[in-house]
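Per-entry structural report
If you want the building blocks of each chain, they are given just below.
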Amino acid sequence: GGTVSTPRPLTPGRLADGTAIPLLANVGSPEEAAPAVALGAEGVGLFRTEFLYLDARTAPSVELQRSRYRDLMAAFSGRKVVVRVLDAGADKQLAFLGHTHEENPALGRRGLRALREHEDVLRDQLTALAEAQNDTGADLWVMAPMVADVDETAYFIGVARSLGLSTVGITVEVPSAAVLADQIVPLCDFVSIGTNDLTQYTLAADRQLGSVAHYQDPWHPAVLRLIKLIGDAARVSNTPVGVCGESASDPLMAVTLVGLGADDLSMSPGALADVRATLAGVTLEQARELATLALVQHSAADARAAVANALA
Ligand code: PEP
Ligand code: MG
């Protein structure tokens, strides 16, 4: 069992008023592309590229990367593919990035911080992505993880554009970047909100530590308010904003995220059908009202309950 025999027809994500909310997949390897398409993914909203680097003593060659990126892009021909450059340093330590033991690796030389000190690794990855895009004609969007401020945003965008990439942005997952959304978002061709880390860092609770797992709740009004800052900044500068954290897999949260300004949502492919069904039942105006309701609640539980009751 377990084989997907009849791929479903692709039903685009759409609100009750006809507003398109593309529903995209989070994938961690090219092999996950075909199952995601079968489940109705309209593209890729987060391609985590760490798989290429795990257990590697040296960074993978441009040629190897190019062929793996080509595999993924070919499966989504003509559709949007958002690729995140290497996010090492938190749970994945890499010797060739100079990682040594850190007491708090989630707060350490993670993501773009490490790549910036090893720009050759970053440049090789971006070069391979640009070549794979040329090979496939993919609609490629490239973003950096763990970006904290304007300086880091401008740095990444500068390097990526200089290597021929045309659609460049960042993952907003550090609270400082959300607070500075009005400065950062206009520099980007797009942004994608990483609610997993945004929640972890906003609540100051290690997402890998079971004893504080109850803090890891994106319904927390503090997290919702940061997301609103990003959504508002995106609307002002007419910049596309997506969500790629696991929160988008919760249909009630998906509606709320749209109300906070998300233009598309990316999730584990298994969640696409339920999210699609729930979005189809609300208008953009209703989603905004639900978001407003959630924002004034005093706890995560109250925020979720408020949206659930209003939708019921
Ligand atoms: C996130 O932080 O929300 C995210 C999508 O990235 P990751 O879970 O890989 O850190
Ligand atoms: Mg993250």
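- By the naming in an unreviewed UniProt entry, the protein chain is Phosphoenolpyruvate-protein phosphotransferase, taken from Humibacter ginsenosidimutans.
- You can read under Cofactor (unreviewed entry) in the UniProt record for the protein chain the words "Mg(2+)".
- Listed in UniProt under the heading Subcellular location (unreviewed entry), the comment for the protein chain reads: "Cytoplasm".

**Things to note about the environment of valine 83**
- On the secondary structure map, valine 83 appears in strand 3 (residues 80–84).
- Put simply, valine 83 and methionine 73 are 10 residues apart on the chain and 10.0 Å apart in space, counted from C-alpha to C-alpha.
- Apart from the residues lying within four places of it in its own chain, the contact partners of valine 83 are Phe47, Thr49, Leu129, Leu140 and Val142.

**Description of helix 2 (residues 62–75)**
- Helix length check: helix 2 (14 residues) gives 20 Å between terminal C-alpha atoms against 20 Å at 1.5 Å per residue, within 8%.
- Within the sequence span of helix 2, burial applies to Gln65, Arg66, Tyr69, Leu72, Met73 and Ala75.
- For helix 2, the secondary structure elements touched by its buried residues are helix 1 (33–38), strand 2 (44–48), strand 3, helix 4 (119–136) and strand 4 (139–144).

**Concerning the UniProt feature "binding site: Mg(2+)" (unreviewed entry) in the protein chain**
- Per the UniProt record, "binding site: Mg(2+)" (unreviewed entry) is found at Glu173 and Asp197. In terms of the greatest pairwise C-alpha distance, the residues named above, spread along 25 residues, form a tight cluster of at most 5.3 Å across.
- Considering the arrangement of structural elements, one finds glutamate 173 in the loop between strand 5 (168–172) and helix 6 (175–179).
- On the basis of neighbour count, glutamate 173 is assigned to the buried category, with 26 C-beta atoms found within 10 Å.

**Here we look at the nonpolar core**
- If you look at the biggest cluster of nonpolar residues, it comprises 98 residues, and the most contacted ones within it are Val81, Val142, Val191, Ile230, Leu257 and Leu265.
- Looking at this core, the element that brings in the most residues is helix 9 (residues 221–237), giving eight residues.
- Apart from the residues within four sequence positions on either side, leucine 265 is in contact with Ile21, Leu23, Leu24, Gly242, Val243, Ala248, Ala254, Leu257 and Val275.

**What to know about unusual backbone geometry**
- The phi dihedral of alanine 204 falls on the positive side, at around 55°, and the residue is not glycine.
- Within the fold, alanine 204 resides in the loop between helix 8 (195–202) and helix 9.
- A tally of 10 C-beta atoms within 10 Å means that alanine 204 is categorised as exposed.
- Positive phi values are uncommon outside glycine, yet asparagine 238 reaches one of about 55°.
- Mapping asparagine 238 onto the fold places it in the loop between helix 9 and strand 7 (241–243).
- Looking at asparagine 238, the number of C-beta atoms within 10 Å reads 8, which means it is exposed.

**Concerning the environment of methionine 146**
- With respect to the helices, strands and loops of the structure, methionine 146 is situated in the loop between strand 4 and helix 5 (150–162).
- Between the C-alpha atom of methionine 146 and that of valine 172, which follows or precedes it by 26 residues, the distance is 7.4 Å.
- Here methionine 146 is in contact with Asp87, Arg110, Gly111, Leu112, Arg113, Glu173 and Val174, once residues within four sequence places are set aside.

Quick notes on the rules
Residues numbered from 1 in each chain as written. Chains lettered and ligands numbered in written order. Predicted model: local features only at pLDDT ≥ 70, side-chain atom pairs only at ≥ 80, totals over all residues. UniProt positions renumbered as here; feature names shortened; annotations may be inferred. Helix = DSSP H or I, 4+ residues; strand = E, 2+ residues; numbered from the N terminus. Contact = placed C-beta atoms within 7 Å. Expected span 1.5 Å × (residues − 1). Buried ≥ 20, exposed ≤ 12 C-beta atoms within 10 Å, placed from the backbone. Core = buried A, V, L, I, M, F, W, Y, C linked by C-beta atoms within 7 Å.

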